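Chain by chain, the residues run as shown.
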Amino acid sequence: MGGIRRVTAAALLLGLAAVACGSGGSSGSSGPLTVHLGYFPNITHATALVGVSKGIFAKDLGSKVTLKTSTFNAGPAAVEAIFSGALDATYVGPNPAINAWQKSHGQAVRIIAGATSGGAALVVKPSINGAADLKGKKVASPQLGNTQDVALRAWLDRHGLKTDPQGGGDVSILPQENAQTLDTFKAGQIDGAWVPEPWASRLVLEGKGKVLVDEATLWPGGKYLTTELIVRTAFLKQHPDVVERLLKGHVDATAYVNQHPAEAQQAANAAIAQITGKPLSAAVVAAAWRNLTFTNDPLASTLRKEASDAESVGLLQKVDLTGLVDVAPLNKVLDSAGEAKVQG
C-alpha cells in the first residue's frame, strides 16, 4: 500500500487528457477489472481504513474486481494520481477535489459521497492566544492547496494576516508531511499547525500544544467536510456498476464505523500501523474520534465556501461548481439499503 510517485508536468498534462477523454472500453464491467483506490493514514479516513482492512470493499466489489490501494499524505498528491490515471477513486478533502475540477474544466472528477465531517484544528504553542500572536511566526499545513492549508490561509486573511504560497507574508506557512509537523512542533521549530485528526490530537497530547481554532466553530452547525470520495469521471462513465458496488462498500463501511466504534477504532489504528509502521496511542485515537462524524452526505452546500476561501487567498481561480457533485449512484445504493437519500 505504498504511496504513488509524483508525476512530471508532462505526465500530468497527458493524464488530464486521458482523464477527460477516457481510455475507451464499454459501459458496464462483465470481465475482470482492477479498481485503484487512494486514501490517507489519518483517522479522518477511517471509513477507508476500516473498509479496506475489514474486507468490506472487497466483498461488495465482488470476485471479478480486484482492489488495489495506495496511500497519501494529502489531497493534492492523490489528485495527481487521479490525473495520471494511477487511481480510479480516492478519499480526499474538498479543496483538492475543487482544484481538480477547475484545472480540468469540469472534466476530470466527480464527488460521489461524503465520508467525514469535522476533525481539523489549528494547534499552537501555549503562549499563543490569538491571531495577532502569530505575526512573524511559522505555521505548518499538510500540503499547499490542501483543505487545511486553505482553511489556515483564509482564517489568517480574515484576521488581517497575509500569506503567500512561497512561505512569505505576515505568517510563514510551511507545507509539510503531518509526521514531520509533529516532530518540528515538538522541537520548537514551528509555532503551530492546522491539521486533520489524529494529528491535531497528537499535537495536543504529545506536543503539549493547545487548540486555538477548532474548525467546527467556523461552520454553521459545526458541519464541514473533511473527507469525501471522488472518482475519475471517465471511470464512472465506463464502469457505473463497479462504482455502485464501490459505493455499497463505502456505505457498509460507514455503517460499521458508526455502529461499532470501539472495533472501528482498533481496526483503523491497526491499518495506520501497517501503513506507517507505528500505531497511535489509544488516547489519541479516542480523542480524535470524538471530533469526527462519519457520514455518506457530501455536504454539497458547503463546497461553495470551500471554493471561495481558496479564491480569496489566491489558490484558486473563480470556478463554477455545477456538476461537480453526482449523488445519483449513491442515492441508488442508499435507497436499496433503506437509508435516506442525500442532497447533491
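Conventions adopted
- Residues numbered from 1 in each chain as written.
- Predicted model: local features only at pLDDT ≥ 70, side-chain atom pairs only at ≥ 80, totals over all residues.
- Heavy atoms only, no water.
- Axes fitted to C-alpha atoms, helices over the stretch in contact; angles between N-to-C directions.
- Helix = DSSP H or I, 4+ residues; strand = E, 2+ residues; numbered from the N terminus.
- Parallel < 35°, antiparallel > 145°, perpendicular 65-115°, else oblique.
- Left-handed = near helix turned anticlockwise from the far one by under 90°.
- Contact = heavy atoms within 4.5 Å.
- Nonpolar A, V, L, I, M, F, W, Y, C, P; charged D, E, K, R; others polar.
- Buried < 20%, exposed > 50% of the residue type's maximum accessible area, 1.4 Å probe, protein only.
- Core = buried A, V, L, I, M, F, W, Y, C linked by side-chain atoms within 4.5 Å.
- 1 Å grid on protein atoms, 1.4 Å probe; cavity = no way out; pocket = protein on both sides within 12 Å on 5 of 7 lines; lining within 4 Å.
- Points joined across faces, edges and corners; volume = space filled by probe spheres on them.

K.L.:
Any chance you could break down the packing of helix α6 (residues 147-158) against helix α13 (residues 303-312) for me, citing the residues and the numbers?
P.N.:
Between α6 and α13, the shortest axis-to-axis distance is 9 Å and the interhelical angle comes to 65°. One element, α6, and the other, α13, form an angle in the roughly perpendicular class. The handedness of the crossing between α6 and α13 comes out as left-handed. Residues T147, V150, A154, D157 and R158 of α6 touch α13, and the partners they reach there are K305, E306, D309, A310 and S312. Of the residues contributing to the contact of α6 with α13, the split by class is 3 nonpolar, 2 polar and 5 charged.

K.L.:
Can you lay out unusual backbone geometry for me, pointing to particular residues and giving the numbers?
P.N.:
E197 connects to P198 through a cis peptide bond whose omega is 10°. Note on placement: P198 falls in the loop between β8 (192-196) and α8 (199-205). Not every positive phi belongs to a glycine, and H105 is a case in point at roughly 55°. Its place among the elements puts H105 in the loop between α5 (94-103) and β4 (109-117). A relative accessible area of 70% places H105 in the exposed class. Its identity is not glycine, yet L299 carries a phi of approximately 45°, on the positive side. Within the element layout of this structure, L299 appears in the loop between β11 (293-294) and α13.

K.L.:
Can you lay out the environment of P261 for me, pointing to particular residues and giving the numbers?
P.N.:
Mapped onto the elements of the fold, P261 is located in helix α11 (residues 261-276). Judged by relative accessible area, P261 falls into the partly exposed class, the value being 35%. Measuring from C-alpha to C-alpha, the distance between P261 and I82 comes to 31 Å, with 179 residues separating the pair along the chain.

K.L.:
Give me the lowdown on the nonpolar core, citing residues and values where you can.
P.N.:
Counting 79 residues, the largest nonpolar core has I43, L229 and W289 as its most contacted members. With 8 residues, the single largest contributor to this core is helix α10 (residues 240-259). Setting aside anything within four residues of it in sequence, one finds I43 in contact with E197, P198, A268, I272, L280, V285, A288, W289, L292 and F294. By size, the runner-up hydrophobic cluster in this structure holds 18 residues, among which are A131, L156, W194 and V213.

K.L.:
Give me empty space enclosed by the protein: which residues, what numbers.
P.N.:
In this structure the tally under the stated criterion is 3 cavities of 30 Å³ or more. Within this model, the largest cavity holds a volume of roughly 100 Å³. Lining the largest cavity are 17 residues, with F40, N146, Q148, P196 and T226 sitting closest to its centre. Taken together, the residues of the lining of the largest cavity sort by class into 6 nonpolar, 11 polar and no charged.

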